[in-house]
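# Residue-level structural notes
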Amino acid sequence: MLKVNDIDVYYGNIQALKGLSLEVNEGEIVTLIGANGAGKSTLLKTLSGLLKPKRGSIEYLGSAIDGKAAQSIVKAGISHVPEGRRVFANMTVEENLELGAYLRKDREGIKKDMEHVYELFPRLFERHKQLSGTLSGGEQQMLAMGRALMAKPKLILMDEPSMGLAPLMVKNIFNIIEMVNKEGVTVLLVEQNANMALSVAHRAYVLETGKIVLSGSAKELQESDEVKAAYLGGL
Amino acid sequence: MKKSKVFWGYAIIALVLYAVVQTLISFGMVNTHYQNMLITMCINVMLAVSLHLVIGVTGQFSIGHAGFLAVGAYISAICTMKLGMPFSMAILAGAVVAMLAGLLVGIPSLRLRGDYLAIATLGFAEIIRIVFLNIDYVGGAAGMQVTHQSTWTYAFVGTAITILIISNFTNSRHGRACIAIREDEIAADAMGINTTYYKVAAFAVGSFFAGVAGAIYAHNFYIIQPTAFGFLKSFDILILVVLGGLGSLSGAVLAAIFLTFVSTYLQAFPETRMIIYSLVLILVMLYRPTGLLGTKEITDLFKFRKKGGTKV
Ligand SMILES: Nc1ncnc2c1ncn2[C@@H]1O[C@H](COP(=O)(O)OP(=O)(O)OP(=O)(O)O)[C@@H](O)[C@H]1O
Ligand SMILES: [Mg+2]
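Because the structure is predicted, anything quoted here is derived from the model rather than measured.

### Observations concerning the overall build of chain B
Helix and strand content of chain B: 13 helices and two strands. Computed over its C-alpha atoms, the radius of gyration of chain B comes to 19 Å, within 12% of the 20 Å expected for a compact globule of 312 residues. Counting only C-alpha atoms, chain B reaches 55 × 45 × 40 Å along its principal axes. Considering only residue pairs separated by 6 or more positions, chain B has 80% of its internal contacts joining residues 24 or more positions apart.

### Here's the deal with the domain arrangement of chain A
Residue and element names in this part refer to chain A. Taken domain by domain, chain A comprises domain 1 (25-51 + 66-77 + 153-235) and domain 2 (84-152). For domain 1 and domain 2, the distance between their C-alpha centroids amounts to 22 Å. On the side of domain 2, 10 residues touch domain 1, which itself brings 13 residues to the contact. Secondary-structure elements contributing two or more residues to the side of domain 1 that touches domain 2 are α2 (70-75) and α7 (167-182). The element contributing the most residues to the side of domain 1 that touches domain 2 is α7, with five residues. Tallied by class, residues from the side of domain 1 that touches domain 2 come to 10 nonpolar, two polar and one charged.

### Concerning the interface of chain A and chain B
Tallying the contact residues gives 20 residues for chain A and 17 residues for chain B. Contributing elements (two or more residues each) for the side of chain A that touches chain B: α2 and α3 (93-100) of chain A. In terms of residues, the side of chain A that touches chain B owes the most to one element, α2 of chain A, which gives four residues. For the side of chain A that touches chain B, the class distribution of residues is 11 nonpolar, six polar and three charged.

### Some thoughts on α7 of chain A
Residues and elements named next belong to chain A. The end-to-end C-alpha distance of α7, which contains 16 residues, comes to 23 Å, matching closely the 22 Å that a straight helix rising 1.5 Å per residue would cover. Every buried residue belonging to α7 is among Phe174, Ile177 and Val180, and all of these are buried. The buried residues of α7 occupy an angular sector of 120° when projected down its axis, which confines them to one face. Residues Leu168, Asn175, Met179 and Lys182 are exposed on α7 and point more than 90 degrees away from its buried face. Taken together, the buried residues of α7 touch β3 (29-34), α6 (137-149), β8 (186-191) and α8 (194-200). Once α7 finishes, Gly184 follows within two positions and takes phi at roughly 110°, a positive value.

### Describing the environment of Ala218 of chain A
Residue and element names in this part refer to chain A. Along the chain, Ala218 turns up in helix α9 (residues 218-223). A tally of 18 C-beta atoms within 10 Å means that Ala218 is categorised as partly exposed. On a C-alpha basis, the gap between Ala218 and Ser199 in space is 7.2 Å, while along the polypeptide they are 19 residues apart. Sequence-distant contacts of Ala218, that is, excluding residues within four places in its chain, are made with Thr31, Leu198, Ala201, His202, Arg203 and Ala204.

### Points about the environment of Val74 of chain A
Tracing the sequence through the fold places Val74 of chain A in helix α2. Classification of Val74 of chain A as buried rests on a count of 26 C-beta atoms within 10 Å. Separated by 79 residues in the primary sequence, Val74 of chain A and Pro153 of chain A place their C-alpha atoms 7.7 Å from one another. Excluding anything up to four places from it in sequence, Val74 of chain A contacts Ser79, Leu103 and Ala151 of chain A together with Met191 and Gly192 of chain B.

### Considering the sheet that holds β3 of chain A
Residue and element names in this part refer to chain A. With respect to topology, six strands assemble into an open sheet ordered β6-β7-β8-β3-β9-β10, the strand pairing being mixed. Two strands bound the open sheet, and with one partner strand each, they are β6 (78-81) and β10 (211-217). When the angles between neighbouring strand axes are averaged without regard to direction, this sheet yields 15°. In terms of strand pairing, β3 meets strand β9 (residues 203-208) through five bridges, oriented parallel. Within β9, the residue paired with Thr31 across the bridge is Ala204. Of the strands in this sheet, β6 and β7 (155-159) touch α6, which is tilted by about 170° from β6. On top of the sheet, α7 reaches β3 and β8; it is set at about 155° to β8, its chief contact.

Reading the values: rules and limits
Residues numbered from 1 in each chain as written. Chains lettered and ligands numbered in written order. Predicted model: local features only at pLDDT ≥ 70, side-chain atom pairs only at ≥ 80, totals over all residues. Helix = DSSP H or I, 4+ residues; strand = E, 2+ residues; numbered from the N terminus. Rg over C-alpha atoms; globule rule 2.2 N^0.38 Å. Contact = placed C-beta atoms within 7 Å. Domains from an automatic or database assignment. Nonpolar A, V, L, I, M, F, W, Y, C, P; charged D, E, K, R; others polar. Expected span 1.5 Å × (residues − 1). Buried ≥ 20, exposed ≤ 12 C-beta atoms within 10 Å, placed from the backbone. Arc of directions from axis to C-beta. Pairing = 2+ DSSP bridges. Axes fitted to C-alpha atoms, helices over the stretch in contact; angles between N-to-C directions.

Laid out in structure tokens, this is it:
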């Protein structure tokens with residue numbers, strides 16, 4: 001479904017991704033783990049068109065999307081849950097969700113998807129008239145995910161959805177990720193919480209200073225000594 | 001259906017207001033001093049509302065609005081005084097050229113954010129002023145003579161159109177996109193909103209109406225001089241928007257009306273004028289740090305009363 005081929009991405013003179021390649025197949029949950037500053041968010045921003053690769057190619061459903069504008073990428077069915085939630089604070093929950101469907105024109109479909117998001121996150125429905133800046137961190141994360149789902153994505157990119165959440169809420173969020181995946185949405189999940197991420201993912205990549213250093217099925221990586229030592233906090 | 005009801009409500013209030021004042025003027029019950037104040041009030045409302053679109057709605061901290069006021073003033077004055085065009089055409093020409101100037105300034109500078117954007121727009125406004133200062137065709141530093149053609153009718157119609165178009169824009173899908181940019185530009189980008197397009201569009205529309213205000217301003221004072229369009233004027237406009245509450249159109253309107261009153265009545269005391277004016281600002285900011293209305297609109301206050309609900 002998604003094929004990233006040997007991309008270099010720079011911020012000015014700083015090279016953040018160095019010849020990175022990876023692949024995501026339809027229906028999978030693929031997780032990308034790596035230390036702070038490894039380039040995980042950079043990759044997601046590049047995939048969603050917020051950054052342009054200097055070299056290499058990105059292929060999505062058979063056509064090249066590298067260098068395309070964010071609008072056309074969202075339209076093609078890739079939606080991005082950015083790091084740190086970034087909800088529109090002075091808008092209500094409902095207005096946030098409506099903006100998630102900004103590029104869509106099918107009113108009926110939008111309405112149905114909004115109901116579906118409310119089913120997934122009953123908490124959001126209870127608070128649909130509340131200003132989203134006043135939601136708790138966990139609720140904001142739900143809103144960020146719900147907003148991304150409103151674009152009706154085929155592929156959803158999630159950047160550290162568990163950041164700053166209490167363990168119970170983390171579990172809840174990961175359950176929802178699995179649910180969304182079962183409904184047919186492919187997931188590329190960036191996580192610090194490697195334990196949780198590997199337990200829901202089918203496959204995984206390990207990123208270090210802009211390069212993929214390990215990849216394999218989530219099971220394999222969970223059992224690999226390097227991953228255990230570096231990311232799972234134990235031997 | 002409900003929306004059109006609200007619209008006709010406003011339309012009727014506006015017409016009544018216009019008719020009452022116009023009748024008073026026709027019967028000679030409003031002297032030129034007060035007529036001038038009313039026109040100035042309309043000019044300030046137009047400036048406040050147009051800058052509100054850029055700062056309050058779209059969140060782009062532009063502080064060079066006086067530059068576009070100057071373009072509208074000079075271009076319209078050239079049209080009437082040098083080219084002999086009718087006033088209404090001159091207003092339109094001033095507004096269109098101000099909008100083009102807005103595009104010219106906006107496209108390069110709206111890539112910048114926060115303080116950098118503020119400095120860039122301030123710089124551009126000064127450049128515009130200095131250009132007029134150095135063109136002898138428009139009188140240079142001495143200024144340009146302009147006949148008095150602004151009337152309550154022109155000022156009122158200009159203001160009504162400004163408010164109508166900007167409030168419609170804000171409540172449309174496009175307005176939502178602009179508000180999303182104000183709230184979080186990166187997230188707006190990620191939703192597929194063309195952020196550059198909307199920032200430039202808001203800037204251009206804002207400049208257009210500053211141009212309308214400029215045309216009416218130019219034809220209200222017999223003379224226009226570059227000194228009237230310096231950065232102090234830009235700050236005056238900025239104050240209206242901040243005082244009204246960033247993000248509130250009705251707040252901007254109220255602030256413009258209120259401060260026009262204050263500064264007109266203080267004209268009698270030139271020595272203390274600036275002190276009292278500043279004191280008023282400080283007091284408002286101390287007691288209402290989010291501005292008179294915050295991000296709410298006047299209508300929200302009524303809704304709150306009726307239904308007891310939060311923001312709709
Ligand atoms: N806007 C920017 N300008 C310059 N350098 C940047 C920018 N954003 C990120 N970087 C640099 O690029 C590298 C990768 O950053 P990135 O945000 O992708 O890391 P990450 O893997 O997501 O880390 P974290 O887990 O902390 O979120 C870092 O060295 C970072 O300092
Ligand atoms: Mg990151």
